[in-house]
Amino acid sequence: MISLTWAVAFILLAPAVGGLIAGIDRKITAHMQGRVGPSLFQPFYDVGKLFEKEGAMVNETQRFYVLSYFVFAIFAGALFFAGGNLLLVVFALTLAEVFLVLGAYAANSPYSHVGAERELIQIMAYEPMLLLAAVGMYVATKSFNVADVAGFPTLLILLLPGVFLGFIYILTFKLRKSPFDISTSHHAHQEIVKGVTTEFSGPNLGFIELAHWYEVVLMLAFVFLFFAASWIIALIAIIIVYLLELVIDNTNARVKWQLAVKSSWAIALVLGALNIAALYLIGRA
């Protein structure tokens, strides 16, 4: 019953939390750039305007792909907050991203196709480390269930420091921040066309933005698991991690996709895999 309550809370409250995080993001970014910035509630106004517009689309199948992306992003988060299997959460989240890619490919636009290809490259870059994070938590707690991982009495950051650093590295991909916002970006200065979301508008683009807010909350919940033994430390860690991502975003230009993939795989191998291997060997000793 408690698990179901957490899942329902995520479904209902994540858009509000995600939108507020987006507003804080814009405000802090503006101050870093010497600007006043928009209202904290501007992301809600923007999404509201999108849903007021006509639902025009290049290909009717785009609506199906966008709604599938939206539904699976919610499903992944709800499963996480219900205390479900971490691997299933990762796979559901990946499936959601694949539907977004298919939606971009459904439009007969070279810009949209390039954005879709970049999104696939991005998935290929961060997915190994995301899986290693789930595996690392299993090695440490002997369970893939989020409820068991969250209830582990020791701070996982102490057992999985390499995995944590690797996860923070690929978190930049998932938050669509520089230098790894190679498929699309929330900042106008990054590119003239919008990458994977070029051919989406109106309600479809609104659903994509809402799905991203769900993903942001889910990714920060992953950070929470590394510090779940202490809620206070976990909340402080989430704030510090997100502020760090904002600093990285505002002080780095986008890198080439080749460097993004090579660096994320190298981090996954060196920090993630070696940390898990060392923990496994210590546990057997």
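Residues numbered from 1 in each chain as written. Predicted model: local features only at pLDDT ≥ 70, side-chain atom pairs only at ≥ 80, totals over all residues. Heavy atoms only, no water.

Novice: For this particular structure, what's the right way to read the nonpolar core?
Specialist: A general tendency of soluble globular proteins is for nonpolar side chains to be buried together. Phe80, Leu86, Phe167, Phe222, Val223, Phe226 and Phe227 are the most contacted members of the largest nonpolar core, which totals 85 residues. With near-sequence residues (within four places) excluded, phenylalanine 227 lies in contact with Leu155, Ile157, Phe164, Ile233, Ala234 and Ala237. (Core = buried A, V, L, I, M, F, W, Y, C linked by side-chain atoms within 4.5 Å. Buried < 20%, exposed > 50% of the residue type's maximum accessible area, 1.4 Å probe, protein only. Contact = heavy atoms within 4.5 Å.)

Novice: How do you make sense of the pattern of salt bridges when you look at a structure like this?
Specialist: Opposite charge on two side chains permits them to pair, given that their charged atoms come into close proximity. With the rule as written, the count across this model stands at eight salt bridges. Between lysine 177 and aspartate 25 there is a salt bridge, with its nearest N and O atoms 2.1 Å apart. On the criterion of sequence distance, the pair formed by lysine 177 in the loop between helix H8 (161-174) and helix H9 (202-225) and aspartate 25 in helix H1 (residues 2-32) is long-range, its members being 152 residues apart. Here lysine 177 falls in the buried class, since its relative accessible area comes to 5%. Here aspartate 25 falls in the buried class, since its relative accessible area comes to 7%. (Salt bridge = Lys/Arg side-chain N within 4 Å of Asp/Glu carboxyl O. Helix = DSSP H or I, 4+ residues; strand = E, 2+ residues; numbered from the N terminus.)

Novice: Any chance you could explain the environment of methionine 129 here in plain terms?
Specialist: Residue position: methionine 129 is located in helix H5 (residues 110-141). C-alpha of methionine 129 to C-alpha of tyrosine 169: the two residues are 40 residues apart in sequence and 9.0 Å apart in space.

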